[in-house]
Amino acid sequence: MSPKSRSAYLFVAPAVLLFAFTILVPIVMTFAFSFYDWNGFGAMNFVGLDNYARAFQDRIYWSSYSHILIYIIATVFLEVLVGLCLAGLITMGRKGSSLFRIAFFTPVMLPMIVVSYIWRFVYNSDFGLLNSILTAVGLESWTNVWLGNPNTALLAICLVSGWVYAGFYMTIFYSGIQRIPKDVYESAYLDGATEWTIFTKIKMPMIRGLVDTGVMLCVLTGFQAFDLFYVMTNGGPYNSTEIVTTYLVKVVFNNMSIGYGSALAVIMTVVIAVIGLLAGKLQRKDNSLEY
Amino acid sequence: MATAAWNIEKRPDDRVRTGKQYPSKILYYVLMIILSCFFFYPMIWLVLSSFRTNREIFTTPFGLPNTIAWQNWADAWNVGNMSIYAKNSVIVTSITIVGILLFASLAAFAFSKLKFTGSKALMLMFVFGLFMPLQSFFIAQSYIFERLHLKDSYMGLILPYIGIGLPLAIFLLKAYLDSVPKELMEAARIDGCSNFVLFAKIIFPLLIPSMATVGIFSALNTWNELLLAMLYIQNDELKTIPVGLLAFSSRYTTDYKLLFSALSIITIPMIVLYVFFHRYIVAGLTEGALK
């Protein structure tokens, strides 16, 4: 056993101090702010739980949760499920699949803000790619002001998220499928299994753990979405794409209600923490059953 | 389907000889090419549109532009202060990465190989940091930075970016060091090396491959970060690419050819980098997110 080392503190000090200063202290302060009515520079009035009471009656705040929920459910399909199917397609052992793999992953490389602008143009009602294609194939009646219509705006954003991250999840599942021993496939091929059966009976069950992780990652990062919503619609039209992050920025930096914004942020943190813990529990159970 | 899998008559060799594979092969490639278009065409469309005039963008959304108008790019680069934004992004990202890798490797070494009181608690703090979303601290952080006059400075972005990047970096580097056998260090210790020499001579070189993974992941996150950069930087001379683009687009809302050009200028280098280093980038991104 090596003795306790005092120099260890010197090694951890920079990281600990910087983390405490930039993350830990602000978390504690946000919690404290949430009990005050305060605009950031005037007097701080202690109001107890008033901000929380107000949050529970804030319609826009609650609808922002339902929007993020729709977004998360949609992206689990559009990102994780599509990614899984793409991984199945590129591991069929045909020529050129590595080229397709590179192509599908490319959108992940783009800054989210660039993605948002590209797709704002794709959805543009006057010259956008989507309406142009619909007109070109004679479906003019289907054209739409995609981001200006409260019925389509949220789903339009979900699709963009799928466009970016499907390739990302594909890559994760691809590396999992690559690790499956070759002889498993060989015996299946000898038995005359079709590609579809190999996908559903071998590839999918063998990377089950990765798929679970993927879903969890998709849910937890879904809550942190911001760039895409901010640039594409900034919550509009008629708050139909308002999510917690965009709403928080409006409350704190446009309305200067720091106390109220802090309460909203604390609720959000608790929600994410609970989901993270639940997901962690579920996953541990799954893993113990797997093999 | 499942029963077909066990059908002995359908041996793989038979399938090849009957030539029944050709339709399925064609179908496969048609599907893959359609999918590639979906993932790739928006980017090609963006670049092609950047060479058009504003009028052409409206009248002929498809096909090749009449002339390759490089002038559009030059204009966007000059009026958009793009060189300044690019310089700022490079400065902020590189200092952040050096900070994350240096502080995280020092801390990971202490957590993995040295004994000290409180090591468990401090490590737990960083694990907790892995799950904390930006929303839970940015309100108070913004207040603190305002008070300390850190806003509108490089440090105002570098410090929080390092803080955000540290937990994952420490976690990954510690996991790697845990797998390094103790004997390697014992020998050095017998020779009378201090912990600092040990770190510099043995641990740091060992960590370089893992640092590449962590570095790529953190670099892309930092390069693309929008929310904090938007809240903390008002001075146009200090804006990074994402915020700069935001300012640019609000100034030239209707000058589509300039916007398309600006987006292309930002997108193309990233795609070129990706094509050359895709193996490392893909590994960096997926491993970074999975752990």
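What you see is a predicted model; the values in this text were computed from it and never measured.

Draft legend 1. Main features of the overall build of chain B. Scanning chain B for helices and strands turns up 14 helices and zero strands. The linear arrangement of helices and strands in chain B, starting from the amino end, is α-α-α-α-α-α-α-α-α-α-α-α-α-α. In terms of overall size, chain B is more extended than a compact globule, its C-alpha atoms giving a radius of gyration of 26 Å where 291 residues would be expected to give roughly 19 Å. Across its three principal directions, the C-alpha atoms of chain B cover 70 × 70 × 35 Å.

Draft legend 2. Region of interest: the overall build of chain A. Looking only at helices and strands, one finds 13 helices and two strands in chain A. Burial status across chain A gives 44% buried among its 291 residues. Once local pairs closer than 6 in sequence are excluded, the contacts in chain A between residues at least 24 apart make up 72%.

Draft legend 3. Quick peek at the UniProt feature "domain: ABC transmembrane type-1" (unreviewed entry) in chain A. The UniProt record annotates "domain: ABC transmembrane type-1" (unreviewed entry) at residues 65–279 of chain A. The straight-line gap between the two end C-alpha atoms of residues 65–279 of chain A is 18 Å; of that span, 74% is helix and 0% is strand.

Draft legend 4. Summary view of unusual backbone geometry. Despite not being glycine, A:Asn234 shows a phi value in the positive range, around 45 degrees. Along the chain, A:Asn234 turns up in the loop between helix H11 (227–232) and helix H12 (244–254). A:Asn234 sits in the exposed class, given 12 other C-beta atoms within 10 Å. Residue B:His149 is not a glycine yet carries a positive backbone phi of 55 degrees. Residue placement: B:His149 occurs in the loop between helix H8 (138–147) and helix H9 (154–178).

Draft legend 5. Up close: the interface of chain A and chain B. Taken together, the contacts link 77 residues of chain A with 75 residues of chain B. No other element matches helix H1 (residues 8–33) of chain A, which puts 16 residues into the side of chain A that touches chain B.

Draft legend 6. Looking closely at the packing of helix H7 (residues 119–131) of chain B against H9(B). All names here are of chain B. Interaxial distance between H7 and H9 falls to 8 Å at its minimum, and their mutual angle equals 120 degrees. Judged by the angle between their axes, H7 and H9 are oblique. For H7 against H9, the interelement crossing comes out left-handed. Judged by residue contacts, Phe126, Val127, Gly129 and Leu130 of H7 engage Leu166, Pro167, Leu168, Ile170 and Phe171 from H9.

Draft legend 7. Examining the environment of B:Lys25 more closely. All names here are of chain B. Turning to its location among the elements, Lys25 is positioned in helix H3 (residues 21–50). We classify Lys25 as exposed; it has 12 C-beta atoms within 10 Å. Considered as a pair, Lys25 and Asp255 are 230 residues apart in the sequence and their alpha carbons are 45 Å apart.

Draft legend 8. Just the nonpolar core, in detail. One finds A:Ala15, B:Ala104, B:Ala107, B:Leu166, B:Ala169, B:Ile170 and B:Ala262 to be the most contacted residues of the largest nonpolar core, which totals 159 residues. Those residues in contact with A:Ala15 that sit more than four places away from it in its chain are B:Phe103, B:Ala104, B:Leu106, B:Ala107, B:Leu166 and B:Ile170.

Draft legend 9. Region of interest: the UniProt feature "transmembrane region" (unreviewed entry) in chain A. All names here are of chain A. Mapped onto this numbering, the UniProt entry annotates "transmembrane region" (unreviewed entry) at residues 7–36, 68–90, 102–122, 153–174, 210–232 and 258–279. Annotated as 90% helix and 0% strand, the span residues 102–122 places its first and last C-alpha atoms 22 Å apart. Regarding residues 153–174, the helix share stands at 100% and the strand share at 0%, and the terminal C-alpha atoms are separated by 32 Å.

Draft legend 10. Inspection of the confidence of the model for chain B at higher detail. All names here are of chain B. Mean pLDDT over chain B works out to 83, with 91% of the residues at or above the 70 mark. Across chain B, element-level confidence peaks in helix H6 (residues 82–113) with a mean pLDDT of 93 and bottoms out in helix H1 (residues 2–5) with 39. pLDDT under 50 marks residues 1–19. Its contacts with residues more than four places away, or in other chains, come to 22 contacts. Across the whole predicted complex the pTM is 0.85, and at the interface the ipTM reaches 0.85.

Draft legend 11. Quick peek at the environment of B:Met123. Residues and elements named next belong to chain B. Of note, Met123 is situated in helix H7. Look at Met123 and you get buried, because 20 C-beta atoms sit within 10 Å. With 92 residues separating them in the primary sequence, Met123 and Gly215 have C-alpha atoms 21 Å apart.

Draft legend 12. Helix H3 (residues 59–90) of chain A, seen in detail. Between its first and last C-alpha atoms H3(A) spans 45 Å; for 32 residues at 1.5 Å apiece the expected length is 46 Å, and the two agree. Largest kink in H3(A): about 30 degrees, centred on A:Thr75.

Draft legend 13. View of the environment of A:Gly176. Residue and element names in this part refer to chain A. Within the secondary structure layout, Gly176 lies in helix H7 (residues 153–178). When the C-alpha positions of Gly176 and Gly209 are compared, they lie 9.5 Å apart, and in sequence the two are 33 residues distant. Discounting residues that sit within four places of it in the chain, Gly176 has contacts with Ile207 and Leu210.

Cut-offs applied
- Residues numbered from 1 in each chain as written.
- Chains lettered and ligands numbered in written order.
- Predicted model: local features only at pLDDT ≥ 70, side-chain atom pairs only at ≥ 80, totals over all residues.
- Helix = DSSP H or I, 4+ residues; strand = E, 2+ residues; numbered from the N terminus.
- Rg over C-alpha atoms; globule rule 2.2 N^0.38 Å.
- Buried ≥ 20, exposed ≤ 12 C-beta atoms within 10 Å, placed from the backbone.
- Contact = placed C-beta atoms within 7 Å.
- UniProt positions renumbered as here; feature names shortened; annotations may be inferred.
- Axes fitted to C-alpha atoms, helices over the stretch in contact; angles between N-to-C directions.
- Parallel < 35°, antiparallel > 145°, perpendicular 65-115°, else oblique.
- Left-handed = near helix turned anticlockwise from the far one by under 90°.
- Core = buried A, V, L, I, M, F, W, Y, C linked by C-beta atoms within 7 Å.
- pLDDT = per-residue confidence, 0-100.
- Expected span 1.5 Å × (residues − 1).
- Bend = angle between axes of the 7 residues up to and from the residue.

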